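Results of the structural survey
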Amino acid sequence: MAFSSGALVSAVAASMALPGLIRPVAIGGRLLIDGGAVNPLPCDMLAGKADILIAVDVTGAPSAEEARAPNPFSTLFVAAQIMQAAIVAGKMRAHPPDLLVRPGVDGFGVLDFFKAPRILEAAAPAVARLKQELAAKLAAR
């Protein structure tokens, strides 16, 4: 479900509602969870609506640490990452964007809010590549 109007706070809260961790949010008579559960890279929703469609895939791969010593929560998150990767692969086949960015976020978890500086540092090479690819695409127009 995509929102084009309504309370931003409710939409953001629903976007943060991770199954099994944060309760769903009621909006318009429906209980909503994080859209990443069904469409982690929703570029298909913008197909044909932009001159250049850029998608940023931040699903990442589980860290080796999580693979070695899973607890119930890390198992849940790793399973979600695997499912999201499969969904993204299908979306890319059906509706590929003009440019796809995959920052180096492997090993960072969904709850790594306080690691933002390290995450941004890891994403820097992908940002540089995006700038080059976007410049080339714009120059070709």
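Since this is a predicted model, take the numbers as computed values, not measurements. (Residues numbered from 1 in each chain as written. Predicted model: local features only at pLDDT ≥ 70, side-chain atom pairs only at ≥ 80, totals over all residues. Heavy atoms only, no water.)

Examining the environment of Arg141
Within the secondary structure layout, Arg141 lies in the segment after helix 4 (116-139). Overall, the relative accessible area of 61% leaves Arg141 in the exposed class. A polar atom in the side chain of Arg141 sits 2.8 Å from the backbone oxygen of Asp51. (Helix = DSSP H or I, 4+ residues; strand = E, 2+ residues; numbered from the N terminus. Buried < 20%, exposed > 50% of the residue type's maximum accessible area, 1.4 Å probe, protein only. Polar contact = N/O pair within 3.5 Å; in protein donor to acceptor, adjacent residues only side chain to side chain.)

Describing the side chain of Asn39
Here Asn39 lies in the loop between strand 2 (30-32) and strand 3 (54-56). In this structure Asn39 comes out as buried when scored by relative accessible area, which is 15%. Each residue touching Asn39, except ones within four places of it in the same chain, is listed here: Asp44, Met45, Ile87 and Lys91. (Contact = heavy atoms within 4.5 Å.)

Comments concerning a nonpolar patch on the surface
A cluster of nonpolar side chains, contributed by Leu8, Val12, Met16, Leu21, Ile22, Phe73, Leu76, Val110, Leu111, Phe113 and Phe114, occupies part of the molecular surface with about 1100 Å² of accessible area. Elements with a minimum of two residues in the nonpolar patch: helix 1 (8-15) and helix 3 (72-94). Looking at the element boundaries, Leu21 is found in the loop between helix 1 and strand 1 (25-27). Residue classification places Leu21 among the partly exposed residues on the basis of a relative accessible area of 35%. (Patch = residues over 30% accessible without salt bridge, like charges linked within 9 Å, V, L, I, M, F, W, Y side chains within 5 Å. Areas by Shrake-Rupley, 256 points an atom, 1.4 Å probe, with all protein chains shown as cover. Salt bridge = Lys/Arg side-chain N within 4 Å of Asp/Glu carboxyl O.)

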